[in-house]
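# Structural characterization, general
For reference, the chains in residue letters:
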Amino acid sequence: MGKETIISTVIVILIIIGNIVTQNFTVDSVETITNQLSELKTVIFEKEENINEEEIKNKLEEIEKNWESRHDKLAYYIEHDELEKVETNLTSLRSFIETNKYSEAISELDKSVFVLKHIEDKYAFNLENIF
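This one's a predicted model, so the numbers in the text were calculated from it and none came from an experiment. (Residues numbered from 1 in each chain as written. Predicted model: local features only at pLDDT ≥ 70, side-chain atom pairs only at ≥ 80, totals over all residues. Heavy atoms only, no water.)

Below, the discussion takes up the nonpolar core. In a soluble, globular protein the nonpolar side chains are often hidden away together inside. Counting residues in each nonpolar core, the largest one holds 26 residues, and the members touching the most others are Leu37, Leu40, Trp67, Leu93 and Ile97. Taken together, the elements giving at least two residues each to this core come down to helix 1 (2-46), helix 2 (53-74), helix 3 (80-98) and helix 4 (102-122). When residues of this core are assigned to their parent elements, the largest contribution, eight residues, is made by helix 4. Excluding residues within four positions of it along the chain, isoleucine 97 makes contact with Leu40, Ile56, Lys57, Leu60, Tyr102 and Ala105. (Core = buried A, V, L, I, M, F, W, Y, C linked by side-chain atoms within 4.5 Å. Buried < 20%, exposed > 50% of the residue type's maximum accessible area, 1.4 Å probe, protein only. Helix = DSSP H or I, 4+ residues; strand = E, 2+ residues; numbered from the N terminus. Contact = heavy atoms within 4.5 Å.)

Now the structure itself:
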């Protein structure tokens, strides 16, 4: 009886530690990418009359590189459909920026932020998500 209790306790502790580590990585990833998207939105709004296309494209490339570096790790424990939504929004964002349709780009940008926040909330370690 004692052996089973110890093994069960160790398993529960490992699950909790794993969840804390993945939650911290998810929060950090969402926060970083959301901040970068907000910066891009600010650049688009500030330069609406005098758009610096090169700066906008550079910021978008930076966001995409950051997302690619985090995507593989997030894919281990987050549903691929959720991650695919973010990728679809980022792809749409890129196409709108390349065609200079900045109002549509801002819409896609906002959708990306919403999906990222949804992922963060969905995988949060709280009683609502446990039960």
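On we go from here.
Attention now goes to unusual backbone geometry. Although it is not a glycine, asparagine 100 sits at a positive phi angle of roughly 60°. Structurally, the position occupied by asparagine 100 is in the loop between helix 3 and helix 4. When its relative accessible area of 39% is taken as the criterion, asparagine 100 is described as partly exposed.

Now for the side chain of serine 112. Following the sequence through the fold, serine 112 ends up in helix 4. Residue class for serine 112 comes out buried when judged on its relative accessible area of 0%. In this view, serine 112 contacts Leu37, Asn89 and Leu90; residues no more than four positions away in its chain are not counted.

Let us look at the pattern of salt bridges. Proximity of charged atoms lets side chains of opposite charge pair with each other. With the rule as written, the count across this model stands at nine salt bridges. One salt bridge in this structure joins aspartate 28 and arginine 70, with 3.1 Å as the shortest N-O distance. Of the two residues, aspartate 28 sits in helix 1 while arginine 70 sits in helix 2, which places them 42 residues apart along the sequence. Glutamate 79 is the partner of lysine 122 in a salt bridge, and the nearest nitrogen-oxygen pair spans 3.2 Å. Pair noted here: lysine 122 is in helix 4 and glutamate 79 is in the loop between helix 2 and helix 3, with a separation of 43 residues, a long-range link. For glutamate 79, a relative accessible area of 39% puts it in the partly exposed group. Each of the salt bridges in this network shares a partner with another, and the network as a whole consists of Glu64, Arg94 and Glu98. (Salt bridge = Lys/Arg side-chain N within 4 Å of Asp/Glu carboxyl O.)

Everything listed here is a matter of coordinates, which is why it stays silent on function.
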